[in-house]
Amino acid sequence: MSTLLEWQRSMRARLLGAPRPDLPSADAATDAKSTERYAIYRHTCLTTLINALRLNFPAVRLLVGDEFFEGAAAQFVSAQPPTSAYLNDYGASFAAFLAQFPPAAGISYLSDVARLEWAVSRSLHAPDSASLDPAALSALDPSQMSAVRFHPRPGVCLLRLNAPADEIWRAVLSGDEVAMAAVKLGNRPVYLLVERDERGTSVQRLGCVAGRFSEALLRGQSLNEALDAVDDGHVADGANEEVNAALADHLRAGRFAEFTTEGENEI
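These figures come from a predicted structure and were not determined experimentally. (Residues numbered from 1 in each chain as written. Predicted model: local features only at pLDDT ≥ 70, side-chain atom pairs only at ≥ 80, totals over all residues. Heavy atoms only, no water.)

Another point: the pairing of strand β3 (residues 190-197). Two faces belong to every sheet, and in a regular strand the side chains alternate between them. Of all eight residues that make up β3, seven are buried, and the element is covered over most of its length. One ladder, built from five bridges, connects strand β2 (residues 157-161) with β3; its direction is antiparallel. In the sheet register, C157 faces β3, and the bridge partner there is V194. Pairing of β3 with strand β4 (residues 200-206) involves seven bridges; the strand directions are antiparallel. Of the residues in β4, the one forming a bridge with R196 is T201. Between β3 and the antiparallel strand that follows it, β4, lie two residues. (Buried < 20%, exposed > 50% of the residue type's maximum accessible area, 1.4 Å probe, protein only. Helix = DSSP H or I, 4+ residues; strand = E, 2+ residues; numbered from the N terminus. Pairing = 2+ DSSP bridges.)

Below, the structure is given as structure tokens:
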């Protein structure tokens, strides 16, 4: 007699991938009717999961077309089925999958567009959180400022990409072929700030200095460590002004939920 775990593994293999001969059958009857029933369930399961990916990655689908997208999505579902019933959370590793997907090798920017779309989806579904009151920083001793670590609100993230995914994303979703043709792929990193406010989710491109500084801050590094990430001897004059402007903008926009200093609790 098969165990419940073996039965579940067999069912999962039948629904999401090729049946494995080393697993017991989930149904003792292996006649044509049994095979037909599994085919119906498998189709429903795959269709539901592929549709979840379609909703989370609309620009990726438009870039490659329905047939390519559904083929890639089906392989992704088979290789990495969901671990939660909440399908808005499904697709976290789809961008990494596309980066290694041989048929997409000629579309170098596809995985970056997928990363952006996933960040936008996460921002859209992130829980609400109060913003840090900048006045709380005034209570700190000046000597503590370098050790401050800011913690971003759930709907805020910073992406460092290799392609101008924001331009591609907007052009594709708006159907603007002129804008799409004007996109220039380069070798410099692209820093994109994704956030949600009362107006909805937005994507903003940052300059190199502000991007590197913000990336470090939003990753939880201290203010001093974030400054070190910028001050590597290869940034243009005026970096301090850009850093100060970036920090002021983050505080003014309420992108942080709280801050800590070394050995202290959240504030």
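This brings us to the environment of D128. With respect to the helices, strands and loops of the structure, D128 is situated in the loop between α6 (110-125) and β1 (149-152). The class for D128 is exposed, based on a relative accessible area of 70%. Between the C-alpha atoms of D128 and P154, which are 26 residues apart in sequence, the distance is 7.3 Å. Among the polar contacts listed, one links the side chain of D128 to the side chain of R196, at a separation of 2.6 Å. (Polar contact = N/O pair within 3.5 Å; in protein donor to acceptor, adjacent residues only side chain to side chain.)

Moving on: helix α10 (residues 223-230). Residues L223, A226 and V230 constitute the buried set of α10. Taken down its axis, α10 places every buried residue within 60° of arc, on the same side. Those residues of α10 hidden inside the fold are in contact with α9 (208-218) and α11 (239-253). (Arc of directions from axis to C-beta. Contact = heavy atoms within 4.5 Å.)

Attention now moves to the pattern of salt bridges. The tally for this structure, following the rule as stated, stands at 14 salt bridges. The salt bridge involving E70 is made with R54; its shortest N-O contact spans 2.9 Å. Of this pair, E70 sits in helix α4 (residues 66-79) while R54 is found in helix α2 (residues 32-56), placing the two residues 16 residues apart along the sequence. According to the relative accessible area criterion, E70 is partly exposed, its value standing at 36%. Residues joined by salt bridges that share partners form a network here, namely D166, E167, R170 and R205. (Salt bridge = Lys/Arg side-chain N within 4 Å of Asp/Glu carboxyl O.)

Regarding helix α7 (residues 165-174), the residues found buried are A165, D166, I168, W169, A171 and V172. At its buried positions, α7 is contacted by α3 (58-64), α6, β2, α8 (177-182), β3 and β4. Just past α7, the residue G175 takes up positive phi, approximately 70°.

The next thing to look at is the side chain of R255. Mapped onto the elements of the fold, R255 is located in the loop between α11 and β5 (256-260). A distance of 2.8 Å separates polar atoms of two side chains, one belonging to R255 and the other to D249.

Here the focus is the packing of aromatic side chains. Overall, the coordinates contain eleven aromatic pairs when judged by the stated rule. Relative to F94, the ring of F57 has its centre 4.9 Å away and its plane inclined at 55°; by these criteria the two rings are tilted. Remark: F94 occurs in helix α5 (residues 94-99) and F57 occurs in the loop between α2 and α3; sequence separation between them is 37 residues. By the burial criterion, F57 is buried, and F94 matches it. Seen in terms of ring centroids, F57 and W118 are 6.1 Å apart; in terms of plane orientation they differ by 15°. Their pairing is stacked. On the criterion of sequence distance, the pair formed by F57 in the loop between α2 and α3 and W118 in helix α6 is long-range, its members being 61 residues apart. What makes F57 buried here is its relative accessible area of 0%. For W118, a relative accessible area of 14% corresponds to the buried category. Directly above the aromatic system of W118 lies the positively charged group of R122, at a separation of 4.5 Å from the ring centroid. (Phe/Tyr/Trp six-rings, centres within 6.5 Å; stacked < 30°, edge-to-face > 60°. Lys NZ or Arg CZ within 6 Å of the ring centre and 35° of its normal.)

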